[in-house]
Amino acid sequence: MAFSKTLRTKATSSCMKGLTACLIAASVLFSGEQVWSAPADEYQVKAAFLFNFAKFVEWPRNAFSDANAPLVIGVLGQDPFGSYLDNTLQGERVANRPVTLERYRSVAEIKRCHVLFISRSESGRLNQIVNSLRYRGILTVTDGDANQSGVIIRFVSEGNKIRFHIDSDAAKAANLVISSRLLRLG
Amino acid sequence: MTIILLTSSSVLLLTCASFFAYEYFTFKQHIIENLSTLGAITANNSTAALTFNNSEDATEVLGALEAEPHIKLAGLYDQDGKLFAHYPEGLSMDAFPVGPANDGYSLTSGYLSSYQPVVHEHKRLGTLYIKFDTSAMYKRFRSYGYIVAAVVVASLILAFALSNGFQRQISEPIVALTKTAKAVAVDEDYSVRAPNIGTGEFVVLTEAFNQMLTRIHDGNRELRQSEERFRSAMEHSPISMSLIATDGTWLDVNQAKCEMTGYTREEMIGQIFYKIIHPDDLFVNLQHFQRLLDGEIDSYRLEERHLHKSGQVIWVDANVSIVRDDNRMPVYCIAQIQDISHRKRDEELLRNLNAELEQRVQERTHKLKEANKELEAFSYSVSHDLRAPLRAIDGFSRILLEDNADKLDEDGKRVLGVIRSNTQNMGRLIDDLLAFSRLSRKQMEPCLVNMTELASDVFQQVKSSCVDQNIHLNLAPLPNIEGDPALIRQVFVNLLSNAVKYSKTRSESLIDVSARPENGEYVYSIKDNGVGFDMAYSNKLFGVFQRLHSVEQFEGTGVGLAIVQRIVHRHGGRVWANAKIDEGATFHFSLPKESKYESANDE
């Protein structure tokens, strides 16, 4: 499973995997949300990244219905985050907007969305999905195995670290302005 | 020259010192500002790296700080205080503080350390630490110091060279002027002159100085001459003169003074001046002298007594004046003394004579008044007592004439008639005499008299007693006068009666009454066309019982004009007459205008 490939510590056995899961659970239990201080699960880190991307991106004005409209982070397809994303976004605000989490089973369900994580479960339909969302001002994020163009940010693993690539052409097409500071990292 | 050098070097030093101070105090602030800006940029650039846990990128961001060579260290700490990235890249982690200190700046041992927060979207992501090498500042100050020293030395050399050059032009004339001034001050020799060796203003200065010396020299000569004139004038003055110091001692006296007092000059100089003043006059003199010294008066003049050396008293007229300096402080006094003993003696004599004369006049007047009173009383009683026997003579003569007419012959009757006529005549005489005598005793009761009305009234009265006479009166308006109306009426009665009486020989009596103002008086005139008189006897006209015509010719007692004169005199006026024999007479009397009733009359 790709799930185990991008762990901070390379776990090769299910025993180790179980132990790690136990440790994470304990750390979450004892230290609350301080996910940075404890060894984190891959999707725990990605959940944090997903939320942090929103801080370095500017949406066109018509992306929000009004000044107080919430910033919507969506997950399309099978949700790999578990409760991480819910925990991460709990009570957070970006540019003084509340953040809400939505889960979609299909593209058709997407009404207003600003950051969309496209799950691996949708990789077969990725081209179709990307094409339909290209000009809707949605910051699309996906796990980076697939090499398809059109997704704006792809997570990649470098050593034991989670990195990401940014397709600035796709961002431009979506009419999004990405901070140069974030671009430096892509 | 020292002054020039001192001035230029202190100006330079002051300028450099203030420059230094300014640099020192602004430098730290300047570095902090720079560091703050640089730190803020770096921190901002590090936000994404910290957010996404990308230390390589953070290291790259910090690497940009190499553009500022004085930054020795820079470190980025994450939220947990762990060193996340550092600069320079190769340096060991031990060189950095284990964790970030509080935000802010601290200056220690040649380094400035700063801790600045890294914040994004209101969330603190970490801390940026920068260590700045401040030794550069001191290096810069050292080089400033070298420059200042070089500039000061160069300026001093330049100033020295310049002042050396100027010295010949400036100092030498001043030194020459100083020498001359010293010669003048020490030797009081105002004939020396400063040599004219300078240029420009020095020529003017030296000329002005020499001109001043000339003026002082001339002034001194004039002063000496003036003093000499004064001394000569004083010495040879016939008036006794002396100079008195403010403490009252004689500074100098002249020959006349010595002669007046009997002392020699040597005996007097240095002595107090009031030792020769009579003790009774001393107090007044000292009072004046004190006022003179106090500045209340500038001179005083007294008549007082001095004592001659022999003890003899001399009356003098002393005139003392004071000489003051520019600040009005008294310097000395000048006393001029004149011997007035002779004048004093003459004055005393005259005063005694006057007093004696006055006494005598009073005594005479008193006696005269007494005599006058006695005379009046006598004449009154005589006149009064004379009337009784006269009445008896007249009465018995009448009885004899009436009762014994048949026994008397014509001659007897005639003689008795003569006796009666004479007795009656004598009676009238005595009446007049009594009237005249009463006149001097009568109290005056003055008031405003309407002269025209009075004259007209009197004329009617006189005319009525002479019905057979043809009389014509020409009465001009007469000015009113203040006087006793009864007495003034008597004047008109007497004068108009005379005018009528002495013109009764004429077919028509012409009488003119007029008046004219003259020297504060009114002169009233009564003119007739009667027989007149010889002016040779005019002095007898106004005497008592004096007559120029016989009773047979014109009846009368010779008292009328005397009464007129007495009344007019009592009013302060005069009376006189002009006439020629057979050509009429004019009688004038004057009365003074001055009267408090006059204004009331005008209204």
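Structure: see above.
Residues numbered from 1 in each chain as written. Chains lettered and ligands numbered in written order. Predicted model: local features only at pLDDT ≥ 70, side-chain atom pairs only at ≥ 80, totals over all residues. Heavy atoms only, no water.

*Asks:* Teacher, can you tell me more about the pairing of strand β7 (residues 250-253) of chain B here?
*Replies:* If a strand is regular, its side chains alternate between the two faces of the sheet. All names here are of chain B. Alignment of strand β6 (residues 240-245) against β7, held across three bridges, turns out to be antiparallel. If you follow L243 over to β7, its bridge partner there is D252. Where β6 hands over to β7, the hairpin turn is made up of four residues, of which G248 adopts a positive phi near 90 degrees. (Pairing = 2+ DSSP bridges. Helix = DSSP H or I, 4+ residues; strand = E, 2+ residues; numbered from the N terminus.)

*Asks:* How should I be thinking about the interface of chain A and chain B in this particular structure?
*Replies:* When the parts of a complex come together, some accessible area is lost, and that lost area is often taken as the interface size. Of the residues lining the interface, 16 residues belong to chain A; the matching set on chain B comes to 18 residues. When chain A packs against chain B, the two sides together hide about 1600 Å² of surface, and 52% of this comes from carbon and sulfur. Contact with chain B buries surface across chain A, with R181, R184 and L185 of chain A losing the most and accounting together for 37% of the total. Here chain A is connected to chain B by four salt bridges. Between E60 of chain B and R184 of chain A there is a salt bridge; the shortest N-O distance is 3.9 Å. Inspection of the chain A/chain B interface yields six residue pairs in polar contact (both at pLDDT 80 or more). Residue contributions to the side of chain A that touches chain B peak at four residues, all from helix α7 (residues 180-185) of chain A. (Contact = heavy atoms within 4.5 Å. Buried area = accessible area lost by both parts, 1.4 Å probe. Salt bridge = Lys/Arg side-chain N within 4 Å of Asp/Glu carboxyl O. Polar contact = N/O pair within 3.5 Å; in protein donor to acceptor, adjacent residues only side chain to side chain.)

*Asks:* Please explain the sheet that holds strand β8 (residues 161-166) of chain A as it appears in this structure.
*Replies:* Within a beta sheet, neighbouring strands are joined by backbone hydrogen bonds and run either parallel or antiparallel to one another. Residue and element names in this part refer to chain A. One open sheet accounts for seven strands, arranged β3-β4-β2-β5-β6-β7-β8; its pairing is mixed. The sheet terminates laterally at β3 (93-94) and β8, the two strands that pair on one side only. Judged from the two bridges that link them, β3 and strand β4 (residues 97-104) form a sheet pairing that is antiparallel. Looking across to β4, one finds that R93 is bridged to P98. Sitting on the sheet, helix α3 (residues 42-53) is in contact with β2 (71-76), β3, β4, β5 (115-118), β6 (139-143), β7 (153-158) and β8, with an inclination near 35 degrees to β8. (Axes fitted to C-alpha atoms, helices over the stretch in contact; angles between N-to-C directions.)

*Asks:* Looking at this model, I keep getting lost on a nonpolar patch on the surface. Mind explaining?
*Replies:* All names here are of chain B. A contiguous nonpolar patch, built from L158, L162, F166, I170 and I174 and spanning about 460 Å² of accessible area, is present on the exposed surface. By the secondary structure assignment, I174 is in helix α3 (residues 135-187). A residue is classified by how much of its surface remains accessible, and I174, at 39% relative accessible area, is partly exposed. (Patch = residues over 30% accessible without salt bridge, like charges linked within 9 Å, V, L, I, M, F, W, Y side chains within 5 Å. Areas by Shrake-Rupley, 256 points an atom, 1.4 Å probe, with all protein chains shown as cover. Buried < 20%, exposed > 50% of the residue type's maximum accessible area, 1.4 Å probe, protein only.)

*Asks:* Looking at this structure, how should I read the side chain of T42 of chain B?
*Replies:* All names here are of chain B. The residue T42 is located in helix α1 (residues 2-51) in this model. Judged by relative accessible area, which is 6%, T42 ranks as buried. Excluding residues within four positions of it along the chain, T42 makes contact with V61, L62, L65 and L128.

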